[in-house]
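Observations on the three-dimensional arrangement
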Amino acid sequence: MVSTTYVPRPDKYGPRIKHVPLHSHSEGENAIALAAAAGLDLDQWQRDALAASMGTVLDTWAAPRVGILCPDENDREYATLARELYELLLFANRRIVHTAAHFSTAREAQHKLSRILMESNFLRSEVKHVYTANGQQRIEMRNGSVIHYVARKTGSIRIANVDLLVLDDAEFLPDSTYRDVLPMVVHSGNPQVWMLGNAVDARSNNHGHVFGRARHRALALDPQQCWIEYSADDARYPNDDPDPSRRARLVIDPDDRTQWARANPGRRISENSIREERQTVLEREFLTHRLGIGHWPTIDDDATSGDAS
């Protein structure tokens, strides 16, 4: 968080893949305004993601499912924080569940939201209690709304009528866990499920099917799936290319700084840090985790794992 004179970092290229269901109105502007009032400074890409994902039709979410793919260190959590503030503060008796792959990530998410609330003169009085004990992490508001934090590897939670389910680290979301948590939103009147994560490398990650299916639905223009993806161009030379050395290889140069910028719209990631990362990690890892170019599970892989969606 910085001063209210903060100018958001412009998003020069925009998401490479963007599928937004038709809607008549977006609550994203309200979420953005509330975040600004709370001292949460959003970059342009985060603002655009909120506007796209929070579209409504007759006061119902146009996209019950939202997927945001953006490489690490681009402050994906800022969009999540703004979405959660909107749900907690503008409505009474709302239920939010925020899950992450690890306890440390879930704890950090709670810490960031707590800090925003408690450091704001006009929001501090809206907080009823902040619980930080293991297995009980939650923030309760005086209007009856509450947000629970759960680490998927160390805990489980069962709450009925969840209005917003946030699945952070979505590239590591097991099918079994997804099946377990989805019933929490079934009986809510107008729920939304958010998945946020990085690209999936199926060779090293056995838990990328759920996020991969969300992406597949968006590419198939599913009218209920919103998908925002920041990634470098993943076009490859054909398998029968006249030059055997190029067959199935990426068309782009992984050292192309334009591609670096396209995949990394956040304020905190610098070109120098990307250059250093390029020199220290394997190319396959660099492509997946920094350029957002996945090695996604195939449809056959999805079939063998069972469809949790």
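In case you missed it, the structure is sitting above this.
So, a few notes on the structure that sits alongside this text. (Residues numbered from 1 in each chain as written. Predicted model: local features only at pLDDT ≥ 70, side-chain atom pairs only at ≥ 80, totals over all residues. Heavy atoms only, no water.)

1. Description of helix 1 (residues 28-37)
So the rule is basically this: Here the term buried applies to any residue with accessible area under 20% of the maximum for its type, exposed to any over 50%, and partly exposed to those in between, with areas from a 1.4 Å probe on protein chains only. Numbering of helices and strands runs from the N terminus; a helix is a DSSP stretch of H or I covering at least four residues, while a strand is a stretch of E covering at least two. By construction, the arc corresponds to the directions joining the helix axis to the C-beta atoms. We call two residues in contact when some of their heavy atoms are within 4.5 Å.
For helix 1, every residue scored as buried is listed here: G28, A31, I32, L34 and A35. In an axial view of helix 1, the angular spread of the buried residues amounts to 165°, which keeps them on one side of the axis. Its buried side turned inward, helix 1 meets strand 2 (25-26), helix 2 (44-53) and helix 3 (76-90). One or two residues past the end of helix 1 sits G39, with phi positive at roughly 90°.

2. Focus: the pattern of salt bridges
What counts, and what does not: Here a salt bridge means any side-chain nitrogen of Lys or Arg lying within 4 Å of a carboxyl oxygen belonging to Asp or Glu.
All told, the structure shown has 21 salt bridges when counted by the stated rule. Across the salt bridge formed by R268 and E73, the nearest N and O atoms sit 3.3 Å from each other. On the criterion of sequence distance, the pair formed by R268 in the loop between helix 8 (257-263) and helix 9 (271-280) and E73 in the loop between strand 5 (65-69) and helix 3 is long-range, its members being 195 residues apart. The closest approach of N and O atoms between E277 and R290, which form a salt bridge, is 2.8 Å. A residue pair is termed long-range when its members are at least 10 positions apart, and E277 in helix 9 and R290 in the loop between helix 10 (283-289) and helix 11 (299-305) qualify at 13 residues. R290 carries the same exposure label as E277, and that label is buried. Linked through salt bridges whose partners overlap, the residues forming this network are R16, R215, E229 and D234.

3. Things to note about the side chain of N74
Formally: Between N or O atoms, a polar contact is any pair within 3.5 Å; within protein, one atom must be a potential hydrogen donor and the other a potential acceptor, and residues adjacent in sequence are included only when both atoms are from side chains.
Examined against the element boundaries, N74 turns out to sit in the loop between strand 5 and helix 3. Among the residues examined, N74 registers a relative accessible area of 0% and is labelled buried. Within the local environment of N74, its side chain forms a polar contact with the backbone oxygen of P71, the two atoms lying 3.0 Å apart. Those residues in contact with N74 that lie beyond four places of it in its chain are W45, Q46, A263, N264, P265, G266, I269 and R290.

4. Focus: the packing of aromatic side chains
Worth spelling out the cut-off: Two rings from Phe, Tyr or Trp (for Trp, the six-membered ring) form a pair when their centres sit within 6.5 Å of each other. Planes less than 30 degrees apart are called stacked, planes more than 60 degrees apart edge-to-face, and all others tilted. As a reminder, the over-ring test applies to NZ of lysine and CZ of arginine, requiring each to be within 6 Å of the ring centre and within 35 degrees of the ring normal.
Counted according to the given criterion, the structure contains 6 aromatic pairs. By way of ring pairs, the aromatic residues W61, Y86 and F91 are connected into one cluster. We note R278 situated over the ring of F286; from NZ or CZ to the ring centre the distance is 5.3 Å.

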